[in-house]
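# Commentary on secondary and tertiary structure
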Amino acid sequence: MSRNVVIKDAVKTYGNFNAVDHANLEIESGELFTLLGPSGCGKTTLLRMIAGFNSVDGGSISFGDKVINNVPAHMRNIGMVFQNYAIFPHMSVFDNVAYGLKARKVKKEEIEKRVMEALAMVQIENLKDRQPANMSGGQQQRVALARAIVIHPDILLMDEPLSNLDAKLRIQMRATIKKVQKKLGITTIYVTHDQEEALAISDRIAVMKNGVIQQVGKPREIYTRPANEFVANFIGTSNFISGRVIENENGMAKLSVLDKTEIMMPLKNGVTGNVKLSVRPEEFLIGTDQDEGLGGEIVFLTFLGDFVNYEVQLSNGQIVEVNQYGNDRDIEYGLGDKVSLELQQDKINVYSESGEEAVIEWKK
Ligand code: ATP
């Protein structure tokens, strides 16, 4: 049976440093939940606490309503898939997948049935007699996934399962993982440092930095409304442009951008002084009307099929990235062209000068 996972104020300490620093998460039953962040942010440490390979030094972790802080790893009924497959290279695929069931003393006929079901789920029934030593990375990772699900775990934990695969295979395998996970309805906690993979595969994502959870949300929320500059920078591409609040009354503020253009934005009450605007490349409207938006010059461009990526140098010397998609590409611009960049008020984000908090009053 799939379970929810509740993490309350969880801490993992190494010496005098918290690798996981008071983490709070509620992962719903059947959800594919991703821990995302750069190397060293604590995501693997938190996953290992959930698995039972790391102690929980503060707070609690529960599966359903049962606190599992002191339950040994082998009693937690979890399936695990790692980056390095961790399968036995000289044992047949069938025996690799059957291993956990044999250890649990499941009857032979039941083993046969469940192994074949698991192999069918990951589409490698035809490889059951092969040895993983002679198989591709993608096939080996399918064996690892079959082995993790065959025991009917309550929770599936995956630590960078696609990192050893080439780019094309990664995309194929992430679709396989998502389909298998949804079919089984199994609560899955997935660790990756790859933001694109996280956006593609997850129901929800927690973004971590220095052991601290920065934001939890659905992929679209995290992409469109990052909680702070770190998240805006880590997920996708963002241009940061300095702005200043001129007036802020009744939830609507007038901002001056690069001390030139003025725009109205819904900001939180009381926000004054310098702020930072965060604009994704597709959130500019590029044109030539010098009275509209920020003026600049195209200093580099790349044709990428469905869009053109421009580097535009603004009046203060700063270079920003701008994407122009097919539907507004009647005119394409060339090197040295003078352009104007309009900011789309409903799309862009505004942060405090330090970048630590969003100051925009988000429209839900
Ligand atoms: P990566 O993607 O590189 O694995 P991560 O986000 O998973 O990164 P963790 O492996 O969880 O990061 O490590 C978090 C922090 O804890 C790092 O600073 C790491 O050096 C430290 N750390 C992890 N394991 C230990 C350990 N056994 N002893 C001391 N410090 C550790």
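In short, a report on the structure.

Thresholds, definitions, all that
- Residues numbered from 1 in each chain as written.
- Predicted model: local features only at pLDDT ≥ 70, side-chain atom pairs only at ≥ 80, totals over all residues.
- Heavy atoms only, no water.
- Near = heavy atom within 4 Å.
- Polar contact = N/O pair within 3.5 Å; in protein donor to acceptor, adjacent residues only side chain to side chain.
- Areas by Shrake-Rupley, 256 points an atom, 1.4 Å probe, with all protein chains shown as cover.
- Helix = DSSP H or I, 4+ residues; strand = E, 2+ residues; numbered from the N terminus.
- Buried < 20%, exposed > 50% of the residue type's maximum accessible area, 1.4 Å probe, protein only.
- Contact = heavy atoms within 4.5 Å.
- Pairing = 2+ DSSP bridges.
- 1 Å grid on protein atoms, 1.4 Å probe; cavity = no way out; pocket = protein on both sides within 12 Å on 5 of 7 lines; lining within 4 Å.
- Points joined across faces, edges and corners; volume = space filled by probe spheres on them.
- Axes fitted to C-alpha atoms, helices over the stretch in contact; angles between N-to-C directions.
- Parallel < 35°, antiparallel > 145°, perpendicular 65-115°, else oblique.
- Left-handed = near helix turned anticlockwise from the far one by under 90°.
- Nonpolar A, V, L, I, M, F, W, Y, C, P; charged D, E, K, R; others polar.

### Some points on the site of the ligand
- The ligand sits among Tyr14, Phe17, Ala19, Pro38, Ser39, Gly40, Cys41, Gly42, Lys43, Thr44, Thr45 and Glu160.
- One nitrogen or oxygen atom from the side chain of lysine 43 is found 2.8 Å from an oxygen atom belonging to the ligand.
- Between the ligand and threonine 45, the relevant distance is 2.4 Å, taken from an oxygen atom to a side-chain nitrogen or oxygen of the residue.
- About the coverage of the ligand: the protein hides 56% of its 630 Å² of free accessible area.
- If one sorts the elements of the shell around the ligand by residue count, helix α1 (residues 43-51) sits on top with 3 residues.

### Points about the side chain of serine 238
- Relative to the assigned elements, serine 238 resides in the loop between α8 (229-234) and β11 (239-249).
- Among the residues examined, serine 238 registers a relative accessible area of 11% and is labelled buried.
- There is a polar contact of 2.7 Å between the side chain of serine 238 and the backbone oxygen of alanine 232.
- At a separation of 3.2 Å, a polar atom in the side chain of serine 238 contacts the side chain of arginine 280.
- Discounting chain neighbours no more than four positions away, the residues touching serine 238 are Ala232, Asn233, Ser278, Val279 and Arg280.

### Considerations on unusual backbone geometry
- Phi at lysine 105 is positive, roughly 60°, even though this residue is not glycine.
- Positionally, lysine 105 belongs in the loop between α2 (93-103) and α3 (108-121).
- Phi angles above zero are rare outside glycine, and glutamine 123 is one such case at about 60°.
- Along the chain, the position of glutamine 123 falls in the loop between α3 and α4 (137-149).

### A look at the pairing of β11
- Note: β11 against strand β14 (residues 273-279), 7 bridges, orientation antiparallel. Each residue of the ladder has a partner; that of serine 242, found in β14, is lysine 276.
- Pairing of β11 with strand β12 (residues 252-257) involves 6 bridges; the strand directions are antiparallel. Note that in β12 the partner of glycine 243 across the bridge is valine 257.
- Count of turn residues in the β11/β12 antiparallel hairpin: 2 residues, of which asparagine 250 carries a positive phi of about 50°.

### Things to note about the pairing of strand β2 (residues 17-27)
- Where strand β1 (residues 5-14) and β2 come together, 7 bridges link them in antiparallel fashion. Along β2, the bridge assignment pairs alanine 10 with alanine 23.
- Counting the residues between successive antiparallel strands, the hairpin from β1 to β2 contains 2 residues, one of them, glycine 15, with a positive phi of roughly 60°.

### Considering the layout of surface pockets
- Of the pockets and cavities examined, the largest pocket occupies roughly 490 Å³.
- Along its surface, the largest pocket is lined by 20 residues, and Ile78, Gly79, Met80, Arg104 and Ile151 are the ones closest to its centre.
- Residue assignment for the lining of the largest pocket shows that the elements contributing at least two residues are β6 (78-82), α2 and α4.

### Some details on the environment of asparagine 54
- Mapped onto the elements of the fold, asparagine 54 is located in the loop between α1 and β4 (58-63).
- As a C-alpha pair, asparagine 54 and valine 279 span 225 residues in sequence and 40 Å in three-dimensional space.
- Those residues in contact with asparagine 54, other than ones at most four positions away along the chain, are Lys12, Tyr14, Thr45, Arg48 and Met49.

### Remarks on the packing of α2 against α4
- Running from N to C, α2 and α4 cross one another at 30°; their axes reach a closest spacing of 7 Å. The pairing of α2 with α4 is recorded here as roughly parallel in orientation. Pair α2 / α4 crosses with right-handed handedness. On the side of α2, the interface is formed by Val93, Asn96 and Val97, while α4 contributes Val143, Ala146 and Arg147.

### Observations concerning empty space enclosed by the protein
- Counted according to the given criterion, the structure contains 1 cavity of 30 Å³ or more.
- By volume, the largest cavity amounts to about 40 Å³.
- Along the walls of the largest cavity sit Leu145, Ile149, Leu156, Met158, Ile177, Val180, Gln181, Leu184, Ile186 and Thr188, which together make up its complete lining.
- Within the residue set of the lining of the largest cavity, elements represented by two or more residues are α4, β7 (155-159) and α5 (167-184).
- Counting residues per element, the lining of the largest cavity draws most heavily on α5, at 4 residues.
- Of the residues assigned to the lining of the largest cavity, the class counts are 8 nonpolar, 2 polar and no charged.

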